Amino acid sequence: MQTENMHVVSHKAIAKDTYELVLIGAMVSQMAPGQFVHVKVPSEAMLLRRPLSIAAISQDETTCTLIYRVDGAGTKALATLNEGAAVNVFGPLGSGFPLEAPSSGEALLIGGGIGVPPLYELGRRLRADGVKVTTVLGFATAEAVFYESEFAELGQVYVTTEDGSHGTKGFVTHAIEMHALNVEDIYMCGPRRMMQVVEGLYPKARGYASLEERMGCGIGACLACVCDRQEKGAGYAKVCSDGPVFPLGEVVL
Amino acid sequence: MQTENMHVVSHKAIAKDTYELVLIGAMVSQMAPGQFVHVKVPSEAMLLRRPLSIAAISQDETTCTLIYRVDGAGTKALATLNEGAAVNVFGPLGSGFPLEAPSSGEALLIGGGIGVPPLYELGRRLRADGVKVTTVLGFATAEAVFYESEFAELGQVYVTTEDGSHGTKGFVTHAIEMHALNVEDIYMCGPRRMMQVVEGLYPKARGYASLEERMGCGIGACLACVCDRQEKGAGYAKVCSDGPVFPLGEVVL
Amino acid sequence: MSRLHVELPGLSMKNPIMPASGCFGYGREYARLYDLSCLGAVAVKGTTEAQKDGNPTPRVAETSSGMLNAIGLQNPGVEAVAAEELPWLAAYDTPILVNISGSTMEEYETVARTLSNRSETSAIELNISCPNVKKGGMAFGQDPALAEELTARVKAVSRQPVYVKLSPNVADPAALALAVERGGADGLSLINTLVGMRLDWKTGAPILANGAGGMSGPAVKPVAIRITHNVRQVTNLPIIGMGGISSPEDVIEFIRAGADTVAVGTANFSDPFVCPTLIEQLPAYLDELGASHIHDLQGKGAALL
Amino acid sequence: MSRLHVELPGLSMKNPIMPASGCFGYGREYARLYDLSCLGAVAVKGTTEAQKDGNPTPRVAETSSGMLNAIGLQNPGVEAVAAEELPWLAAYDTPILVNISGSTMEEYETVARTLSNRSETSAIELNISCPNVKKGGMAFGQDPALAEELTARVKAVSRQPVYVKLSPNVADPAALALAVERGGADGLSLINTLVGMRLDWKTGAPILANGAGGMSGPAVKPVAIRITHNVRQVTNLPIIGMGGISSPEDVIEFIRAGADTVAVGTANFSDPFVCPTLIEQLPAYLDELGASHIHDLQGKGAALL
Ligand SMILES: Cc1cc2nc3c(=O)[nH]c(=O)nc-3n(C[C@H](O)[C@H](O)[C@H](O)COP(=O)(O)OP(=O)(O)OC[C@H]3O[C@@H](n4cnc5c(N)ncnc54)[C@H](O)[C@@H]3O)c2cc1C
Ligand SMILES: Cc1cc2nc3c(=O)[nH]c(=O)nc-3n(C[C@H](O)[C@H](O)[C@H](O)COP(=O)(O)OP(=O)(O)OC[C@H]3O[C@@H](n4cnc5c(N)ncnc54)[C@H](O)[C@@H]3O)c2cc1C
Ligand SMILES: Cc1cc2nc3c(=O)[nH]c(=O)nc-3n(C[C@H](O)[C@H](O)[C@H](O)COP(=O)(O)O)c2cc1C
Ligand SMILES: Cc1cc2nc3c(=O)[nH]c(=O)nc-3n(C[C@H](O)[C@H](O)[C@H](O)COP(=O)(O)O)c2cc1C
Ligand code: FES
Ligand code: FES
């Protein structure tokens, strides 16, 4: 956990309003799949860092990949960064995905929209450990789709779009049902609503979900990013430091 | 009077904390010596524009030169601009120096520190009209001196430094006395204190002084930048729109 | 009727954008940049009975995403404003909101009587919240009883609708709003500047010659939104919202909070063309939100339910 | 004695830098980043009698050069703080300023009695200015009589010096300062957050689940400087200055305004190492100003002349 001026190795649009940002820096050596970094936006008027998941890690090149969607003012400013620019990064933060092979020997990655990125490095690691990786990616429209071919290198990929403009029309659960995918061990990240539906449909699934909340400190001190634990009276969990990845059943999605 | 994204043609340090910034843009066609531009600093957190004098104008190249000293946060941010960068400029503003040849046929330019810039384009114009131009430039130390050779192309130049590290030790008035310069027609810009002393020593001098005040709008609407008129009861003058150049005797220096 | 048209007491506005008082003089300077007839209205500089010199300089200082000013209500006095400024500005096709100030209730009455009798005046904006004058000004705006009385007295002599401009420097802005409503206010202007100060760290001297000043700009927008929202919960009076507006998103945020129309102050200094630019940009934002009229977006508040 | 050393009631500080309450938890998280013993002191998260859940999320929003928070005083309650948090933090060589809150005077008394009896507690910071709780909190801080009474009651049960943390959301902060001084306060903390609000322009819904929240960060610094300066004119009480500090220049500006020491809140989120960095940077600034001790720069105010 440190702050570092990392540098932009490459930065390009990979889908509508979606950018892939590759950064180089010493911090990479500490990174693990599912963790996130807290990125300082290049604007004095924006004080809060932006939490972005680590999408890919290359220890050889000491680079990491972030994938983000331009949403508000901060990500708009990020998108202006040129190759070589310095980006102040605080990280790596949070606890990522456990990397043990799932007991079924098969992993189902379920990503929705801008929740897809953290699943990529996870999939690479599981695949490298001999786990069978299947991926379901849900997007709004064809224009929003990214990393389909990257995930295809790890195993079978199913894409859904809400408007049917690419892949299966509908939501991730439609693809899961249609292809009767194995939902014993799932790893998911995406809109709350998506994760709630998946949890509701497959109550016996084991696995992990990665959450998002607005953050202040990013390390557990300010209590901005709490979510409820499922156990009554167990109080809150902090997404930034207890998560962002939680075992299914631990917190209320 | 317009706003325009001008572009950086060149940008370099020319003395301690002092930068020469050459900008290109259509607005140049409207510029006159002694006017200023109101420059937007490249930072969202800084709302107020920075008034900077127009130091040189090239109509052929549609470029203008600004010379500024890094002082606070805004000029610090300006100093980071690279060649090709866009700079939002509002201008040209204010009324500059009258360009008629002075009746004595000789012009004494008196510049102090960062007040030197507006005198340069003025000197070039006067010289082109056949006026004999003599310049006295006062700086704090040798490190702060700039544009000595540029002014030398227009006529005799005398430099003073407070610590004597370059030119005559002392203030501009020392050089004027020592060389018995003709003070019939003077054009000055610099610290208030300098201009007050000059006005006090040479009460019969004709000429002009260029003033500085903190500004809001830059065009006369907000009343931030007022200065007292010498005539009792005549109220305030606005540096941004009635000035920044005033005939000697009009306002209280 | 255009989708931006806003109809308020005394102010029939083509669009919800007007420059805020004190940031636009009497319009002469900005008239050299663009045609003032495009504006929804113009709020002119605060006027007092006698000509006023204002404070010594420096009168402005920069703050993070904001600025301080301590102009001190410099103005040529009510007679000169009536004789020279209003007739000039009235040549443009835009309503004039005449901002008035005073150090006694009598002075406010005199100024209101004179200026509301001018045909050029569309409405009066009663400034009881100026932090930059020694007497009067903000004091009337911090005490509900005084604010109510002053409003009633100005209403009694005014031939035009009166908008009362409230101070954010109070514990309970909604109580002030209710007080001036009881006093007969036709509308509210929210907000004036927050009192602030900056010191030169090198010398310890205040940057403003006056010491403290009024803070404006994006830094204060959350305070202004909260006050607009709060006040909208307790009253149906028309609200002119302001404080840090510089983008169409900001305009809409104020309308959402319950404002009927907005004013733009400090942003004129960053971008002298900000008012016409906002007017041009707004329709596309209404399209994006599927709103046929800007007031479809308006937050109605508890009082309107 | 080092040129940064500051000696205040209950707080013997190596330097004038402490993290502000609520921005630093009980120190555990930042202890993973640097040695907390370098800090002048630590102000811990506000503690109430019972464990408190706080508000729903989102609890933070960004504003121009500032932020809003509505954490709602989530904390594990006085017993857990006494048993688990204070002993842990006391292992570091830095004084502990224990921030306390309550919704009734009795609750404040209970919390103050319990925590001031702990050997780990160096001083109490009485928060009468939290805008994010429904009951108590800021209400005590907006009424001088209530503020005085509460201060007196907490002083009566407290074995440690009591710093009262004042709200900027009042018309006259100096009057509140005098009230708590009469109540027996040993010092003042200035300022807590300004009430603010942001709406999502697309939907009109508040960004914070709680609606309004407290604004902090550089945007509020001019308000904090003005209050510090004002209060310093009327009292000799020690002042812990805060509001938007992120640079050595800011620290010095507060000291110039009359603060004895400062606290740093929001800046920890932008730069988690900001506190040790400021401590490291300050001596060079004293050199530049030719000051042998930081208090050589202090603004003394009228009351101290
Ligand atoms: C652990 C974690 C991992 C994330 N990983 C990614 C990722 O890999 N790619 C990606 O595109 N997005 C990711 N997000 C969401 C991303 O942080 C927000 O989209 C981003 O902060 C929005 O910033 P903005 O400047 O565009 O929006 P603004 O509206 O300007 O942001 C204002 C403030 O709100 C916060 N905010 C706004 N939306 C969100 C949100 N959805 N979640 C959290 N904070 C928010 C911002 O961080 C900032 O503090 C992640 C969020 C979390 C918590
Ligand atoms: C008509 C005019 C012409 C000028 N020409 C030049 C020039 O050619 N070269 C040059 O170096 N300087 C010039 N100045 C001064 C220059 O404007 C200031 O040095 C500059 O604005 C300081 O900005 P900053 O960001 O460094 O300081 P900051 O302290 O960050 O500025 C904060 C605010 O104070 C204002 N301010 C601070 N100092 C001054 C000052 N001395 N005069 C006016 N406003 C100030 C800034 O504009 C800004 O609004 C001129 C000023 C005026 C009024
Ligand atoms: C330089 C300046 C002068 C002002 N003068 C007045 C005034 O004369 N009367 C008044 O009611 N408000 C005055 N104000 C306040 C503005 O009208 C407005 O309420 C405030 O600045 C908030 O809006 P903004 O953030 O868009 O500037 C002035 C503001 C500034 C910045
Ligand atoms: C997330 C957050 C939580 C806070 N919690 C508390 C608190 O529990 N008790 C308190 O007295 N102040 C609390 N504050 C206020 C700060 O201590 C401080 O007074 C304020 O933020 C101004 O300082 P800053 O601008 O440096 O943040 C909190 C502030 C923030 C940003
Ligand atoms: S962001 Fe501060 S506790 Fe999670
Ligand atoms: S800067 Fe506004 S009147 Fe001169």
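Residues numbered from 1 in each chain as written. Chains lettered and ligands numbered in written order. Predicted model: local features only at pLDDT ≥ 70, side-chain atom pairs only at ≥ 80, totals over all residues. Heavy atoms only, no water.

Structural notes on the overall build of chain A
We apply this condition: Labels follow the DSSP assignment, with helices taken as runs of H or I lasting at least four residues and strands as runs of E lasting at least two, numbered in each case from the N terminus. Every radius of gyration here is taken over C-alpha atoms, with the globule rule written as 2.2 Å times N^0.38, N being the number of residues. Burial status follows relative accessibility: with a 1.4 Å probe on protein chains alone, a residue under 20% of its type maximum counts as buried, one over 50% as exposed, and anything between as partly exposed. In what follows, residue pairs with any heavy atoms lying within 4.5 Å of each other are defined as contacts. The accessible surface values rely on the Shrake-Rupley method and a 1.4 Å probe; as for residues, cover is taken only from the protein chains in view. Only four residue types enter the tally: Lys and Arg on the positive side, Asp and Glu on the negative side, with His and both chain ends excluded. Charge placement uses NZ in Lys and CZ in Arg. For Asp and Glu, CG and CD serve respectively.
Of regular secondary structure, chain A possesses five helices and 16 strands. Since a compact globule built from 253 residues should have a radius of gyration of about 18 Å, the 17 Å found for chain A is in line with a globular shape. Oriented by its inertia axes, the alpha-carbon framework of chain A measures out at about 50 × 45 × 35 Å. Every one of the 253 residues in chain A was classed for burial, and the buried ones make up 55%. Considering only contacts in chain A between residues 6 or more positions apart, those separated by 24 or more positions represent 61%. Approximately 10000 Å² of chain A is accessible, and the part contributed by carbon and sulfur atoms is 48%. Charge separation in chain A, taken as the distance between the mean sites of 20 positive and 28 negative side-chain charges, equals 5 Å.

Things to note about the packing of aromatic side chains
Residues and elements named next belong to chain A. Using the following cut-off: Only Phe, Tyr and Trp rings are paired, with Trp represented by its six-membered ring, and only when their centres lie within 6.5 Å; those with planes under 30 degrees apart are stacked, over 60 edge-to-face, the remainder tilted.
Inspection of the entire model under this criterion finds 24 aromatic pairs over all chains. With centroids separated by 5.3 Å and ring planes inclined at 65 degrees, the aromatic side chains of phenylalanine 139 and phenylalanine 146 adopt a geometry described as edge-to-face. Its relative accessible area of 4% is what places phenylalanine 139 among the buried residues. On the accessibility criterion, phenylalanine 146 (4% relative accessible area) is buried.

Examining the pattern of salt bridges
Defined as follows: The rule for a salt bridge is simple: a side-chain nitrogen of Lys or Arg has to be within 4 Å of a carboxyl oxygen of Asp or Glu.
Throughout the structure, instances matching the rule amount to 48 salt bridges over all chains. Between Asp260(C) and Arg232(C) there is a salt bridge, with its nearest N and O atoms 3.0 Å apart. Note that Asp260(C) is positioned in the loop between helix 7 (248-257) and strand 14 (261-264) and Arg232(C) in helix 6 (residues 221-234), a separation of 28 residues in sequence. Of the two residues, Asp260(C) and Arg232(C), neither departs from the other in class, the shared state being buried. For Arg28(D), the salt bridge goes to Glu85(D), with nearest N and O atoms at 3.0 Å. A residue pair is termed long-range when its members are at least 10 positions apart, and Arg28(D) in the loop between strand 3 (17-19) and strand 4 (42-43) and Glu85(D) in helix 1 (residues 78-89) qualify at 57 residues.

Quick notes on the pairing of strand 10 (residues 187-190) of chain D
All names here are of chain D. To be explicit about the condition: The pairing criterion for strands is at least two bridges between them, as found by DSSP. The handedness rule is simple: strands pointing away from the viewer, and a clockwise path from the first strand over the helix to the second, make the crossover right-handed.
Across the two faces of strand 10 the burial is the same, with Gly187 and Ser189 and Leu188 and Leu190 all buried. Relative to strand 10, strand 9 (residues 162-165) is paired through three bridges, and the arrangement is parallel. By the bridge assignment, valine 164 is partnered in strand 10 with leucine 188. Crossover handedness for the path strand 9 to helix 5 (residues 173-182) to strand 10: right-handed. By the bridge criterion, three bridges tie strand 10 to strand 13 (residues 239-241) in an arrangement that is parallel. Note on strand 13: the bridge partner recorded for serine 189 is isoleucine 240.

A word on the UniProt feature "binding site: substrate" (unreviewed entry) in chain C
Residue and element names in this part refer to chain C. Defined as follows: UniProt positions are given in the numbering used here, feature names are shortened, and annotations may be inferred rather than shown by experiment. Throughout this description, a polar contact denotes any pair of N or O atoms lying within 3.5 Å of each other; where both atoms belong to protein, one of them has to be capable of donating a hydrogen while the other can accept it, and for residues adjacent in sequence the pair is counted only when both atoms sit in side chains.
In the UniProt entry, the feature "binding site: substrate" (unreviewed entry) is given for Lys45, Asn69, Ala70, Ile71, Gly72, Leu73, Asn127, Asn192 and Thr193. Within the fold, asparagine 69 resides in strand 6 (residues 66-69). Engagement of the side chain of asparagine 69 in a polar contact is seen with the backbone nitrogen of isoleucine 71, the distance being 3.3 Å. Following the sequence through the fold, asparagine 127 ends up in strand 8 (residues 123-127). Ignoring any residue separated from it by four or fewer positions in sequence, one finds asparagine 127 in contact with Leu73, Asn99, Ile100, Ser101, Tyr108, Lys165 and Asn192.

Describing the relation of the copies chain C and chain D
This is how the line gets drawn: Superposing copies: least-squares fit, C-alpha atoms only, residues required to have pLDDT of at least 70 in both.
If you rotate chain C by 180 degrees and push it 0.0 Å along the axis, it lands on chain D with an RMSD of 0.0 Å. Here the symmetry operator amounts to a two-fold rotation axis. Take the interface residues of chain C: 100% of them recur as interface residues in chain D, which is what a same-surface contact looks like.

Comments concerning helix 6 of chain C
For clarity, the cut-off: By this rule the span expected of a helix is its residue count minus one, scaled by 1.5 Å.
Taking 1.5 Å of rise per residue, the 14 residues of helix 6 of chain C would be expected to cover 20 Å, and the 20 Å separating its terminal C-alpha atoms lies within 8% of that figure. Counting buried positions over the 14 residues of helix 6 of chain C gives 10, a clear majority of the element.

Examining the interface of chain C and chain D
Threshold: Note on definitions: buried area is the accessible-area loss of two parts on being combined, 1.4 Å probe, summed for both. When residues are sorted by character, Ala, Val, Leu, Ile, Met, Phe, Trp, Tyr, Cys and Pro go into the nonpolar class, Asp, Glu, Lys and Arg into the charged class, and all the rest, Gly among them, into the polar class.
Listed as interface residues are 36 residues of chain C and, on the opposing side, 37 residues of chain D. Both sides of the chain C and chain D interface together cover about 3100 Å² of buried area, and 67% of this is carbon and sulfur. Counting every contact that joins chain C to chain D gives two salt bridges. Salt-bridge contacts for Glu253(D) lead to Arg198(C); the nearest nitrogen and oxygen are separated by 3.5 Å. Listed by contribution, the elements that provide at least two residues to the side of chain C that touches chain D are strand 11 (194-197), strand 12 (212-216), helix 6, helix 7 and helix 9 (274-289) of chain C. Element by element, the count of residues in the side of chain C that touches chain D is highest for helix 6 of chain C, at six residues. Considering only residue class, the side of chain C that touches chain D consists of 19 nonpolar, nine polar and eight charged.

Notes on the interface of chain C and chain B
Contact with chain C, which involves 34 residues of that partner, is made by 26 residues of chain B. Both sides together, the interface formed by chain C and chain B hides about 2400 Å², and carbon and sulfur atoms give 62% of it. The interface formed by chain C and chain B contains two salt bridges. Across the salt bridge formed by Arg50(B) and Glu62(C), the nearest N and O atoms sit 2.7 Å from each other. If you look at where chain C meets chain B, you find 10 residue pairs in polar contact (both at pLDDT 80 or more). Only strand 5 (60-63), strand 6 and helix 8 (267-270) of chain C provide two or more residues apiece to the side of chain C that touches chain B. By residue number, the principal contributor to the side of chain C that touches chain B is strand 5 of chain C, which donates four residues. Of the residues assigned to the side of chain C that touches chain B, the class counts are 14 nonpolar, 13 polar and seven charged.

With respect to the sheet that holds strand 12 (residues 212-216) of chain D
Stated precisely, the cut-off is as follows: Fitting a line to C-alpha atoms yields each axis, with helices limited to the stretch in contact; the angle taken between N-to-C directions then spans 0 to 180 degrees.
The strand order across the open sheet formed by four strands is 5-6-12-11 (chain D), and the pairing between neighbours is antiparallel. Looking at which strands have only one partner, the edges of the open sheet turn out to be strand 5 (60-63) and strand 11 (194-197) of chain D. When the angles between neighbouring strand axes are averaged without regard to direction, this sheet yields 40 degrees. Direction of pairing for strand 6 (residues 66-69) of chain D relative to strand 12 of chain D: antiparallel, over a ladder of three bridges. Within strand 12 of chain D, the position partnered with Asn69(D) by the bridge is Gly214(D). Of the strands in this sheet, strand 5, strand 6, strand 11 and strand 12 of chain D are in contact with helix 6 of chain C, which crosses strand 11 of chain D at around 75 degrees.

Considering the site of ligand 1
Heads up, the condition is: Residue proximity to a molecule or strand is established when one non-hydrogen atom of the residue lies within 4 Å of it.
If you check the shell around ligand 1, you find 24 residues, and the closest are Pro51(A), Gly72(A), Gly74(A), Thr75(A) and Ile114(A). Chains contributing residues to the immediate surroundings of ligand 1 are chains A and D. A distance of 2.9 Å separates a nitrogen atom of ligand 1 from a polar side-chain atom of Ser53(A). In the model, an oxygen atom of ligand 1 is placed 2.7 Å from a nitrogen or oxygen of the Gly74(A) main chain. Its free accessible area being 830 Å², ligand 1 has 88% of it covered by the protein chains.

Observations regarding the environment of Thr193(D)
Residue and element names in this part refer to chain D. Structurally, threonine 193 can be placed in the loop between strand 10 and strand 11. C-alpha separation for the pair threonine 193 and glutamate 106, spaced 87 residues apart in sequence, amounts to 24 Å. Separated by 3.4 Å, the side chains of threonine 193 and asparagine 192 make a polar contact.

Quick notes on the UniProt feature "binding site: FMN" (unreviewed entry) in chain C
Residues and elements named next belong to chain C. Mapped onto the present numbering, the UniProt feature "binding site: FMN" (unreviewed entry) falls on Ser21, Lys45, Gly46, Asn99, Asn127, Lys165, Ile191, Gly217, Gly243, Gly244, Gly265 and Thr266. Relative to the helices and strands, glycine 46 is located in the loop between strand 4 (42-43) and strand 5. Take glycine 46: its relative accessible area is 2%, and that puts it in the buried class. Once you skip the residues sitting within four places of it in the chain, glycine 46 turns out to touch Ser21, Tyr26, Leu73, Asn75 and Asn99. When its relative accessible area of 4% is taken as the criterion, asparagine 127 is described as buried.

Structural notes on the site of ligand 4
All names here are of chain D. Looking at ligand 4, there are 23 residues lining it, with Ser21, Lys165, Gly217, Gly244 and Thr266 nearest. Within the side chain of asparagine 127, an N or O atom sits 3.0 Å from an oxygen atom of ligand 4. A distance of 2.8 Å is found between an oxygen atom of ligand 4 and a backbone nitrogen or oxygen belonging to glycine 217. When isolated, ligand 4 has an accessible area of 610 Å², and the protein chains bury 98% of it. Each residue belonging to the shell around ligand 4 can be placed in one class, and the counts come to seven nonpolar, 14 polar and two charged.

Observations concerning the confidence of the model for chain C
Where we set the bar: The quantity known as pLDDT measures the predictor's confidence residue by residue, on a range of 0 to 100.
Of all residues in chain C, 96% attain a pLDDT of 70 or more, and the chain-wide mean is 95. Here the prediction assigns the complex a pTM of 0.97, and the interface score ipTM is 0.96.

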